[in-house]
Amino acid sequence: PQALPALPVTVCGQIRLIEEVDQYEFVAPKAGPLTVELFARRMDSPLHGQLKIHDDQGKAVLDLADTEGRDLA
């Protein structure tokens, strides 16, 4: 995964093939909410994306798939 700088941060990735995966690593603050958004449709992309977030132990804390063609948050 690509290491990201301190939050807040915006990442611009590009998916060209169905088997491509962009992975990012960041450190979240212990307090307060954290928002992660996938912008695809708002940029006229046909991408049906997926968001997966794991904690520092590798346990999945979020696993969403955009099956309806809407951006995820």
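Before reading further, recall that the structure is shown in the block above.
All values derive from a computational prediction rather than experimental measurement. Sequence positions are assigned chain by chain, starting from 1 and proceeding in written order. Thresholds applied to this predicted model are a pLDDT of at least 70 for local features of residues and 80 or more for the giving and counting of side-chain atom pairs; totals over whole chains, interfaces and linings are not thresholded and use all residues. Water and hydrogen atoms were dropped before computing side-chain values, which therefore reflect all heavy atoms in the structure.

Strands here mean DSSP runs of E at least two residues long; helices mean DSSP runs of H or I at least four residues long; both are numbered from the N terminus. Check the secondary structure of the protein and you find zero helices and four strands. In the protein, the order of α-helices and β-strands from amino to carboxyl end is β-β-β-β. For each residue, the accessible area found with a 1.4 Å probe, counting protein chains only, is set against the maximum for its type, and the residue is called buried under 20%, exposed over 50%, and partly exposed in between. Burial analysis of the protein (73 residues in total) assigns 14% to the buried set. Computing the positive centroid from 7 side-chain charges and the negative centroid from 12, the protein places the two 3 Å apart. His residues and chain termini do not enter the charge count, which takes Lys and Arg as positive and Asp and Glu as negative. Throughout, a charge is located at the NZ atom of Lys, the CZ atom of Arg, the CG atom of Asp or the CD atom of Glu.

Each neighbour pair has its own omega, and for Leu7 with Pro8 the value is 0°, a cis peptide bond. Locating Pro8 in the fold gives a position in the loop between strand S1 (2–3) and strand S2 (24–25).

Attention now goes to the packing of aromatic side chains. When we look at a pair of aromatic rings, we describe it by the centre distance and by the angle of the planes. Only the six-membered ring of Trp is used, alongside the rings of Phe and Tyr, when aromatic pairs are assigned; centres must lie within 6.5 Å, and planes under 30 degrees apart are stacked while those over 60 apart are edge-to-face, with the rest tilted. Per the stated rule, a full pass over the model turns up zero aromatic pairs. The ring of Phe39 has Arg42 sitting right over it, with the charged end atom 3.5 Å from the ring centre. In our convention, an over-ring charge means Lys NZ or Arg CZ found within 6 Å of a ring centre and within 35 degrees of that ring's normal.

On to the pairing of strand S3 (residues 50–54), then. Taken residue by residue, a regular strand's side chains alternate between the two faces of the sheet. Along S3, the buried face is formed by Leu51 and Ile53; none of Gln50, Lys52 and His54, which line the opposite face, is buried. Pairs of strands are assigned from DSSP output, requiring at least two bridges between the strands. Hairpin connection, S3 to strand S4 (residues 60–65): the antiparallel pair is bridged by five residues, and Gly58 has positive phi, about 90°.

The next thing to look at is the pairing of S4. Pairing geometry for S3 and S4, over five bridges, is antiparallel. Note that in S4 the partner of Lys52 across the bridge is Asp63.

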